[in-house]
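Analysis of the macromolecular model
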Amino acid sequence: EDKVVQSPLSLVVHEGDTVTLNCSYEVTNFRSLLWYKQEKKAPTFLFMLTSSGIEKKSGRLSSILDKKELFSILNITATQTGDSAVYLCASNDKLIFGTGTRLQVFP
Amino acid sequence: DAGVTQSPTHLIKTRGQHVTLRCSPISGHKSVSWYQQVLGQGPQFIFQYYEKEERGRGNFPDRFSARQFPNYSSELNVNALLLGDSALYLCASRISQGVQYGYTFGSGTRLTVV
């Protein structure tokens, strides 16, 4: 059975800290891994990764995929209170989601 | 441009009743997928439709059904509601099939079964 596992489940940091969120996957016919940010209801798209070793960046956020070890990480540098959210990773065409990492950033 | 719109935003139903949730994709998007998100969990895949045909189904009982209309909008139907069906139901659309196309999510319908 396909599965995606995220860690940690919860993270509490102070503004300015750097955080690393982990996502491992076991899916048949892997095609892509996606990261989403969910603040209230609608998950919003962050990154799509299909190739190993190529870092994607957007401002303070970056992500990379390792297809050999079957995992991805999402880094957030210089965290801000607005980064507080649940971060979801999902794999493949029909989006198999992990349980998410709840990030809380305090001033 | 309007994003993915879902209706209603909130709904309270009684056990055993039936419910219909609606989703309008972004204009030009032909693929719609449905997800169930229970509190504290990630979204779980229910259905995927493309060009009005079912292209995938998750591990949900036959009480769950869906369809896609010629204008690419979609309905999710749930019969014989159980307390455990209480969740946020998310709809997502994308332009077409294929790994290169990302999904855009709606804000969801919060269903409470009492």
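A brief look at the structure comes next. A quick note: this is a predicted structure, and the numbers were derived from the prediction, not measured.

Interface size, as often reported, equals the accessible area lost upon joining of the parts. Across the boundary between the two partners, chain B contributes 25 residues, which contact 16 residues of chain A. Roughly 1600 Å² of surface becomes buried between chain B and chain A when both sides are summed, with 58% attributable to carbon and sulfur atoms. Our count for the contact surface shared by chain B and chain A stands at zero salt bridges. Along the contact surface separating chain B from chain A lie three residue pairs in polar contact (both at pLDDT 80 or more). Looking at which element gives the most residues to the side of chain B that touches chain A, the answer is strand S9 (residues 87-94) of chain B, with three residues. For the side of chain B that touches chain A, a count of residues per class yields nine nonpolar, 14 polar and two charged.

Before going further, it helps to examine the layout of surface pockets. Estimates place the volume of the largest pocket at around 540 Å³. Lining of the largest pocket is provided by 24 residues; of these, Glu1, Asp2 and Ile96 of chain A together with Gln44 and Phe45 of chain B occupy positions nearest its centre. Those elements that place two or more of their residues in the lining of the largest pocket are strand S1 (3-7) and strand S10 (96-97) of chain A together with strand S5 (44-50) of chain B. By volume, the second largest pocket is sized at about 360 Å³. Forming the walls of the second largest pocket are 22 residues, and the residues nearest its centre are Gln38, Val86 and Arg102 of chain A together with Gln37 and Gly40 of chain B. Put simply, the parts of the chain that give the lining of the second largest pocket at least two residues each are strand S9 (85-91) and strand S11 (101-106) of chain A. Among the elements that take part in the lining of the second largest pocket, S11 of chain A stands out by supplying four residues, more than any other. Looking at side-chain class alone, the lining of the second largest pocket contains eight nonpolar, 10 polar and four charged residues.

Our focus in this paragraph is the nonpolar core. If you look at the biggest cluster of nonpolar residues, it comprises 22 residues, and the most contacted ones within it are Trp34, Ile46, Leu76 and Tyr89 of chain B. For this core, the elements supplying multiple residues, two or more each, are strand S3 (19-24), strand S4 (31-37), S5, strand S7 (64-68), strand S8 (74-78), S9 and strand S11 (109-113) of chain B.

Before going further, it helps to examine the pairing of S3 of chain B. Here three bridges tie strand S1 (residues 5-7) of chain B to S3 of chain B, and the two strands are oriented antiparallel to one another. Considered in S3 of chain B, the bridge of Ser7 of chain B is made with Arg22 of chain B.

For the rest of this paragraph, the subject is the sheet that holds strand S3 (residues 19-26) of chain A. Residues and elements named next belong to chain A. The strand order across the open sheet built from five strands is S1-S3-S8-S7-S6, with neighbouring strands paired in antiparallel fashion. At either end of the open sheet lies a strand with only one pairing partner, and these are S1 and strand S6 (56-58). Along the sheet, successive strands turn relative to each other by an average axial angle of 15°, direction set aside.

Attention shifts here to the environment of Ser73 of chain B. Residues and elements named next belong to chain B. Tracing the sequence through the fold places Ser73 in the loop between S7 and S8. Each C-alpha atom of the pair Ser73 and Phe60 lies 21 Å from the other, and the pair is 13 residues apart in sequence. Residues contacting Ser73, with those up to four places away along its chain left out, are Cys23, Ser24, Pro25, Arg67 and Gln68. A polar atom in the side chain of Ser73 sits 2.7 Å from the side chain of Asn71.

A few words on the sheet that holds S8 of chain B. All names here are of chain B. Spatially, four strands are ordered S1-S3-S8-S7 in an open sheet, and the strand pairing comes out antiparallel. Of all strands in the sheet, those with a lone pairing partner are S1 and S7, marking the two edges. Ignoring which end each strand starts from, the neighbouring axes of this sheet average 15° apart.

Rules and cut-offs
- Residues numbered from 1 in each chain as written.
- Chains lettered and ligands numbered in written order.
- Predicted model: local features only at pLDDT ≥ 70, side-chain atom pairs only at ≥ 80, totals over all residues.
- Heavy atoms only, no water.
- Contact = heavy atoms within 4.5 Å.
- Buried area = accessible area lost by both parts, 1.4 Å probe.
- Salt bridge = Lys/Arg side-chain N within 4 Å of Asp/Glu carboxyl O.
- Polar contact = N/O pair within 3.5 Å; in protein donor to acceptor, adjacent residues only side chain to side chain.
- Helix = DSSP H or I, 4+ residues; strand = E, 2+ residues; numbered from the N terminus.
- Nonpolar A, V, L, I, M, F, W, Y, C, P; charged D, E, K, R; others polar.
- 1 Å grid on protein atoms, 1.4 Å probe; cavity = no way out; pocket = protein on both sides within 12 Å on 5 of 7 lines; lining within 4 Å.
- Points joined across faces, edges and corners; volume = space filled by probe spheres on them.
- Core = buried A, V, L, I, M, F, W, Y, C linked by side-chain atoms within 4.5 Å.
- Buried < 20%, exposed > 50% of the residue type's maximum accessible area, 1.4 Å probe, protein only.
- Pairing = 2+ DSSP bridges.
- Axes fitted to C-alpha atoms, helices over the stretch in contact; angles between N-to-C directions.

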